[in-house]
Amino acid sequence: MEIVICKTKEEASRKAAEMITAAVKKNPKVVLGLATGSTPVPMYKEMAKAVKAKKVSYKQVRTWNLDEYWGLPGTHDQSYRYFMDKNLFDFIDIKKSNTHVLNGLAKDWRKECAAYEAQIKKAGGIDIQVLGIGSDGHIAFNEPGSSLASRTRMVSLTPQTIKDNARFFKKAADVPQHALSMGVGSIMEAKKVILLAFGKNKAAAVAAAVEGGISQYCTASALQMHQDAWFFCDEEAASKLKLKKYYAWRAEGELARA
Ligand code: F6R
């Protein structure tokens, strides 16, 4: 696990975007796993800037998103498909047919989840997985109590996540209570993981994920077992880390080698 601590979320987003841009340049057919939520938005802006400046092309890149609300069509302005179109895909030269988001209206969610995993496997697996982290330490919609071996499936959101996400809906009662989500086990198969965490609201979750025990109570802690996981944090999100000075010192060298 490498912890990159930056003064601002903008700087952290720029560094994380540089890592992705470099990977796409190296392998134009790279397979990306993507996240929604407020955290990756500044990084997606940086990625779009690099495309606009013709530094990189996403024409052959394929993407799979982590999760989707159950019961929302992709046209709903709070669906994760809609989010991805409006925050990234509409601003890069990717083929929409190469972008995949779970279908929140699938007739049979088990078949939908199994087919999604099979598609990723056929593509050779996820090369780089982008993640945010919930204030309770969740990754994707793997809430506390999710098995660390879990696969893509239907999940129930916790009242806390519903509360956190209510800011995007007119009222809390409009937030779907279920979602389809890649599992912790599915995420752990990605070759590289980039987790972004910003703001003091994430400080406890980051500390639990990085320095706590590996536990289903904080599903991001499973990343301690990943061989190439990078946390890009701003100072607030890193504020509860006991070893933050060491991580900052160590990350400089690791970033140069990455
Ligand atoms: C989104 C996702 C979630 C978010 C997390 C943080 O696809 O899987 O795990 O990353 O809830 O959300 P924000 O970034 O809005 O704080």
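Our subject is the structure that appears above.
Along each chain, residue indices are assigned from 1 in the same order as the chain's sequence is written. At least 70 in pLDDT is required for a residue's local features to be given in this predicted model, at least 80 for side-chain atom pairs to be given and counted, and no such filter applies to totals for whole chains, interfaces and linings, which use all residues. Based on all heavy atoms of the structure, the side-chain values leave hydrogens and waters out of the count.

## Regarding the nonpolar core
- The term nonpolar core refers to a set of buried residues drawn from Ala, Val, Leu, Ile, Met, Phe, Trp, Tyr and Cys, joined through side-chain atoms within 4.5 Å. Burial classification: accessible surface area is computed with a 1.4 Å probe over protein chains only, and a residue below 20% of its type maximum counts as buried, one above 50% as exposed, and the rest as partly exposed. Of all hydrophobic cores here, the largest spans 75 residues; its most connected members are Ile20, Met43, Tyr44, Tyr58, Phe231 and Phe232.
- Setting aside anything within four residues of it in sequence, one finds Tyr58 in contact with Ile20, Val24, Leu32, Met47, Val51, Ile92, Asp93 and Ile94.
- Of all hydrophobic cores here, the second largest spans eleven residues; its members include Val155, Ala166, Val175 and Ala179. In this analysis, two residues are considered to be in contact whenever any of their non-hydrogen atoms come within 4.5 Å of each other.

## Quick notes on the site of the ligand
- What makes a residue near a molecule or strand is one non-hydrogen atom of that residue sitting within 4 Å of it. Taken together, 14 residues surround the ligand, and among them Thr39, Asp67, His138, Ala140 and Lys202 come closest.
- Identification of polar contacts relies on pairs of N or O atoms within 3.5 Å, with a donor-acceptor requirement for protein atoms, meaning one able to donate a hydrogen and the other able to accept it, and with residues adjacent in sequence counted only if both atoms are side-chain atoms. In the environment of the ligand, an oxygen atom lies 2.7 Å from a nitrogen or oxygen atom belonging to the backbone of Ala140.
- Here, Shrake-Rupley sampling with a 1.4 Å probe gives the accessible areas, and only protein chains in the shown set may cover a residue. Within the complex, the protein chains bury 93% of what would otherwise be the 410 Å² of accessible surface of the ligand.
- Taking a 2 Å distance to the grid points as the criterion, the majority of the atoms of the ligand fall inside the largest pocket. Both cavities and pockets are sets of points on a 1 Å grid over the protein atoms alone; in a cavity a 1.4 Å probe fits but cannot get out, in a pocket the set is open with protein on both sides within 12 Å along at least five of seven lines, and lining residues sit with an atom within 4 Å of a point. In this scheme, a molecule is assigned to a cavity or pocket if more than half of its atoms are within 2 Å of the grid points.

## Comments concerning the layout of surface pockets
- By volume, the largest pocket amounts to about 780 Å³.
- Lining the largest pocket are 36 residues, and of these Gly37, Ser38, Thr39, Arg167 and Lys202 lie nearest its centre.
- In this description a helix means any DSSP run of H or I spanning at least four residues, a strand means any run of E spanning at least two, and both kinds are numbered starting from the N terminus. Contributing elements (two or more residues each) for the lining of the largest pocket: α2 (41-52), β4 (67-69), α3 (80-87) and α5 (159-165).
- The dominant element in the lining of the largest pocket, judged by the number of residues it contributes, is α3, at four residues.
- Here the residues of the lining of the largest pocket are counted per class, giving 14 nonpolar, 15 polar and seven charged.
- One number sums up the size of the second largest pocket: a volume of about 260 Å³. Grid points are joined across faces, edges and corners, and a volume is the space filled by probe spheres set on the points. Only Asp, Glu, Lys and Arg are considered charged, only Ala, Val, Leu, Ile, Met, Phe, Trp, Tyr, Cys and Pro nonpolar, and every remaining residue, Gly among them, polar.

## A few points about the pairing of strand β8 (residues 178-181)
- Relative to β8, β4 is paired through three bridges, and the arrangement is antiparallel. Following the sheet pairing, Asp67 is matched in β8 by Ser181. A pair of strands is treated as paired once DSSP finds two or more bridges between them.

## Let's talk about the packing of aromatic side chains
- Note on aromatic contacts: the rings of Phe and Tyr and the six-membered ring of Trp form a pair at centre separations within 6.5 Å, being stacked when their planes are under 30 degrees apart, edge-to-face when over 60 apart, and tilted otherwise. Following the criterion strictly, the structure yields seven aromatic pairs and no others.
- Between Tyr69 and Tyr80, the ring centres sit 4.8 Å apart and the planes meet at 45°, which makes this aromatic pair tilted. Of this pair, Tyr69 sits in strand β4 while Tyr80 sits in helix α3, placing them eleven residues apart in sequence. Accessibility assignment for this pair places Tyr69 and Tyr80 in one class, buried.
- Arranged with centres 6.3 Å apart and planes meeting at 20°, the rings of Trp230 and Phe232 form a pair that is stacked.

## Brief notes about the sheet that holds strand β9 (residues 192-197)
- The strand order β1-β10-β9-β6-β2-β3-β5 describes an open sheet built from seven strands, whose pairing is parallel. Two strands lie at the open edges of the sheet, namely β1 (2-6) and β5 (99-100), each paired on one side alone.
- Two elements, strand β3 (residues 62-65) and β5, share two bridges in a ladder whose sense is parallel. Among the inter-strand pairings, Trp64 is bridged to a residue of β5, identified as His100.
- Only the stretch in contact is used when a helix axis is fitted, and all axes are lines through C-alpha atoms; the angle between N-to-C directions ranges over 0 to 180 degrees. Its contacts with the sheet place helix α1 (residues 9-26) against β1, β2 (31-34), β6 (128-131), β9 and β10 (229-234), and it is angled at close to 150° to β10.

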